[in-house]
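Listed here are the chains, written in short residue letters.
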Amino acid sequence: MSFFLGQILDKMASRDKDIRFMATHDLAAELEKESFKMDPTFEPKIVTKLLSLTSDNANNVQENVVKCLGLLIKRVKDAQAIEMVDSLSKGMVDNTKEELQEISSIGLKSIISNLPSESSAISNLVIKSLVPKLISAIDANIPNEKAEVKMSSLDILNDLLVKYGSSMTGDLENIQKVVLPKLNASRPAIRKRAILCLSSMAAPAPDALFNQLIEFIIKSIEESKKPDHTSTLIQAIGAICKTSGYRLGKYLSKIMPNVIKYCDKADQNDELRENCLLCFEALVEKCQKDISPYLQDIINLCCKFIKYDPNYSDDMDEEEEEMDTDEQEEEDEDEEADISDDDDISWKIRRSSAKTLCAIILTRVELIQELFEKVAPVLYQRFKEREENVRLDIFQTFSLLLKQLYRKNVSPEAKQILLQQIPKLVSSISKSLSDKSIRIKVGAFSLLKELVTVCPSCLEKNVGQLVSGINLSLGEKNANSNLKIEVLIFLKLLLSNHPAEIFRDHYQSLSTHIIKCINDSYYRISSEALRVCQEFINVLSPLVRPSGNLSATTPLLQSLYQAIYQQLEKQDIDQEVKESAISCMGTLIANFGDAFPKETLKPCLAILLERLDNEITRVVTVKVLSRIITSQVCKTDVSAILEPSIDLMATFLRKNNRVLKQSSLVALIDIVRQIPGSISAKQLPTILVEVSSLINEADLQLTHLAFVFYQELLKSNPKCASTIKDKYIPPTLLLLKSSLLQGVALDSLLTLFGIIVEINEPGMTYQDLLQLLIDCASQIKQPVTRQAFLSISQCIAIITVHTTSDKRQQTINTLLGNLTGNNESLVLLSLSCIGEIGRRIDISATSAQLQSSVYKTFDAANEEIKQVAALCLGDIAVCSLQSYLPFILEQIKNQPKKQYLLLHSLRETIIKLSSTSQGITAILPYLQTILPILFENCVNEEEGTRNIVAECLGKVSMISPKDIIPKLQEKIKSTSNLERSTIVTSIKFSILESKDLVDQFLAPHISDFLTLLLDTDLIVKRSALLTLNYISHNKAGLIRNNLSNYLPILYNNSKIKPELIREVDLGPFKHKVDDGIEIRKTAFECMYTLLDTSIDKIDIPAFIAAIADGLKDTQYDIKLLCHLMIVRLSQSNGPALLEGLISLIEPLRLTLVQKVGDTAVKQQVERNEECVRSALRAIAAISRIPNSESVAKFEEFIKTSIKSGALASQYSAILSEDTTSHNTDAMDTSN
């Protein structure tokens, strides 16, 4: 390395500039290597030589020198670092050499950019050396000094402040003293750089210094006489707001009146007005709480100045609207050109207004309805904007407003207001569709695309106005490809989201352009056109088929076929075009296959078979074949390719590609269903083997499809039942032993068993299946639970229901006989089977001993058997209400020891019946008998019993809401705390029933039930809190309007209450018991839920104060909940969290430093570590909020308590996690 450095030194001293260039270039290349080690002997010589070369007369040498100096700063000793900084600083202020000034400035910037991002010894050294020199250069008043020195100094100082502002707190006061006067500089460039410096300085500035800065600017604004000075000061406010955010909030009462006054002043200059609007934008984004009182004024000003165009009067607008001919429009455009003036900057005001409106739209979800009422009309009226960039900004603003309709909790009235505005909106934007500017047309179609996505079918009455613009854009010669793609995407949405009839007058003209685009050489246009063509064909079919005469449409269909076929047969085209062509051809054949001769379709089908055999295109081809076969419009003969297609799809079932397997299985199901007998005897065994291999618990969706395939096969060919037995029975029996079998897979299996029993083929009779299922159940390993037998009992029930009445009675008698045996597994299975049979058909007449036999099992020693017996009795009652419900109700009254189990029976009956309209009709006459028993048991001492009663009350309340809800309301005034608790709990189960019933009968009274949140009894209060949490999670709309009443109650219940802490005497020592723990935990769970469902209704400062209290709680669970809330709040409303962040810092610090005692058990140690990790995740989430570094105390806390301590590595690991992983912190607290 010494030899290399010696050579470099010699070459840098060469008189040949090329050699000097190569020397500096090689040095820079070496310095970039991590392995480079600087020889201490050569270090000062290299630095000195590089500094001397800053005045080299070759520019490319200077560039390399600057690069080398930047790379060297981290490698040299302190003395050389100081030498570099001093030399470059001296060169920067040297008025005699302009080029040296510039290169020295660039050198210093290079050094700063190469310094470590975190504060370090070398960075502190550079700051200490450089800052005084920069301050001196900025403050100097040298005669004939060039402004570039001050500009460069301000630039470099800003770079330092941005990177190391929090490490420069000792210099901030001096920096502010010298930079503030530069706001009055005559050169705009100096004023601009001074603003940047002040904004970067404001973030880390202590409160006193920040207050001094803002007060000075406010006072200067009030005293300012010159518009340009006022403009600079307001611009400074906006810049400071962007970096310091919430800190500016408390000064808005002094700032806003002045800014509003200057913005609205009639004779104001345009630059000042623009800066006022940009200041509004920053304040709206960063001071969301404190700006609220001024939002209406800001909206009004934006709506006023987005129309501000003094050189273009409204009369001109009216004239333009009256003009009809192209010639008149051209004259109007010429007139606009004459009016336009290079000095006219009014467009900046209109653009700033649009940007401010964007900020309001993004941050104020609660104002969306008002914005649609007030702002939307102003925006679409400005679609005539003459300045291209401004019009695009207005399009973007309106699109942003449309996108807000996707957000949670947006008022449904907002969409209704939009629908009423559609005619005027379309009328305004239709002119932009024929504009000369391609960018304008792209923007207009992009907006329309968003409109159709948000409100499908909204353009039904306005399609005619849009088609001409579509045709014009697609028909232009040499049209821009981006425009064509945007138009095609919009056209696809238009066709797919609107009724076919509205295109009757337009399909001929549209087809011409679609065909032209299909043949386009650019693959993106061609593929998008093919996708449009698919939707076009789907629209065309209902338009031309009802007439019964396709001959009139034949030329069009032939043209479409030829265009698609040309793309289909090509081998050397983009994959996207290939897939689109296959899909489009499939849609054409599915809709109009009968319109083409067999000879025409033959080569097309042959190509589809080739594509099916191609690994790249097989998935889309399988789906296309399925679409053709299942077409309800026309039947196309595909026999020519059917057999080889089936062979190929059978092989696909063993591939690893899940989408291919699923699509192939669906296609085989469609083939069996639509073309019976199409699978030959030779093909069937192979297919059965492959389909059977898909039956397993690993993929229940494929399992479901496999069962559906067997169903369709048996329906079309019942004789093959015995053939398929050996293939599907073994994996099915294995699956039945799994507790994972559920949902559609179980339903399709039950249907399959029903079909098999009805077919009754040898080897697959009812008795055969029954024996197989019972043997399967006997193989289930202990311990046996109801869940383990659930699937098997349903299968036994379904085959029993589908068999003959004699066999059914015989089976039920056998099952009843099993109940008296000692085999607990068999008893459990028999009870489950009887219940499953009983809830499907009435079995009350099958045996006189049915009721007594089942009821006797209530006395079993095994708790699981008693539970299943209760459910069995309830299930039997579902179809035998008259026989069994009175018995259940009578026993609830007379058998207190069995009351809990009998209430389970009643609950099962109510749940099953309330899920169907027939069941509701059946149970209605019994409600008057059921209700008194439920109300009587509301006061049961057992919480489990009360919960069952609450669920029953909740379900029956929605069966007859008009009668029962008033009775529930009366009960909330009960003197019994247990009854009040049960009643409020029942509301949890009511809200999940029919939405219409809940909205009509329960919603108006929900606040009455939630008055129990104020109940003094802890049991009642916790039940009310749980119900509030449940409503917040599942049906937040019921409470959103009254949330301001409930939140203070939540905050109050989240605090530690000394009166709820009691001391228990345990003999040798005393123990404190906190009875309020569960109340607090439930309150915080509810707050967490509300953050997700109703954040727009929450007053964030009060919410943060409650979180701060929770962080000080003694319970780990509550602290963890608070950490999760901080994470969620930082993601959903970070700026608002920063406003109250200071109150969270100390509680978080205490959590991090908290240690467990020496006598702590392992569980306590682990919980404490978990709490620390959770706190670090919360801190990491805060640090990701933009401008979080502006909170000086938080930055100091990060540096002193985390990054410099034992937690540094743990915190770094959390920070490095992918941000998407933080979604896993979400939890469901709606129990």
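Bear in mind that the values here come from a model prediction, so they are computed numbers and not experimental data. (Residues numbered from 1 in each chain as written. Predicted model: local features only at pLDDT ≥ 70, side-chain atom pairs only at ≥ 80, totals over all residues. Heavy atoms only, no water.)

Draft legend 1. Seen up close, the overall build of the protein chain. When helices and strands are counted, the protein chain shows 62 helices and two strands. Over its C-alpha atoms, taken along the principal directions, the protein chain stretches across nearly 120 × 100 × 75 Å. Here the protein chain, with 1231 residues, has 55% of them falling under the buried criterion. Total accessible area on the protein chain is roughly 53,500 Å²; 49% of this is exposed by carbon and sulfur atoms. Measuring between centres, the 136 positive side-chain charges of the protein chain sit 5 Å from its 157 negative side-chain charges. (Helix = DSSP H or I, 4+ residues; strand = E, 2+ residues; numbered from the N terminus. Buried < 20%, exposed > 50% of the residue type's maximum accessible area, 1.4 Å probe, protein only. Areas by Shrake-Rupley, 256 points an atom, 1.4 Å probe, with all protein chains shown as cover. Lys, Arg positive; Asp, Glu negative; His and termini not counted. Charge placed at Lys NZ, Arg CZ, Asp CG, Glu CD.)

Draft legend 2. Up close: the packing of aromatic side chains. Scanning all chains against the criterion turns up 14 aromatic pairs. Both rings, one in Phe-383 and one in Phe-395, keep their centres 5.1 Å apart while their planes meet at 70°; by these two values the pair is edge-to-face. You can see Phe-383 sitting in the loop between helix H20 (376–381) and helix H21 (388–403) and its partner Phe-395 sitting in helix H21, a full 12 residues away along the chain. Assigned by exposure class, Phe-383 and Phe-395 land together as buried. Judged by centre distance (5.1 Å) and plane angle (50°), the rings of Tyr-855 and Phe-858 are tilted. Across the pair, exposure class does not vary: Tyr-855 and Phe-858 are buried alike. In textbook terms, an aromatic cluster arises when at least three aromatic residues are bridged by ring pairs, as seen for Phe-383, Phe-395 and Phe-398. (Phe/Tyr/Trp six-rings, centres within 6.5 Å; stacked < 30°, edge-to-face > 60°.)

Draft legend 3. Region of the structure containing the confidence of the model for the protein chain. When the pLDDT values of the protein chain are averaged, the result is 89; 95% of them are 70 or greater. Taken as a whole, residues 318–340 scores under 50 in pLDDT and shows 16 contacts with residues more than four places along the chain or in a different chain. Contacts of residues 1218–1227 to residues separated by more than four positions or lying in other chains number 13 contacts, the stretch itself having pLDDT below 50. (pLDDT = per-residue confidence, 0-100. Contact = heavy atoms within 4.5 Å.)

Draft legend 4. Quick look at unusual backbone geometry. Even without being glycine, Ser-457 reaches a positive phi, approximately 70°. Using a relative accessible area of 34% as the deciding quantity, one classes Ser-457 as partly exposed. A positive phi is found at Asn-760, a non-glycine position, where the angle reads about 60°. By the element assignment, Asn-760 lies in the loop between helix H37 (743–759) and helix H38 (766–778). By relative accessible area, which is 40% here, Asn-760 ends up partly exposed.

Draft legend 5. Inspection of the pairing of strand E2 (residues 1070–1074) at higher detail. Across five bridges, strand E1 (residues 1061–1065) lies against E2 in antiparallel orientation. Across the sheet, residue Val-1064 finds its bridge partner in E2, namely His-1071. (Pairing = 2+ DSSP bridges.)

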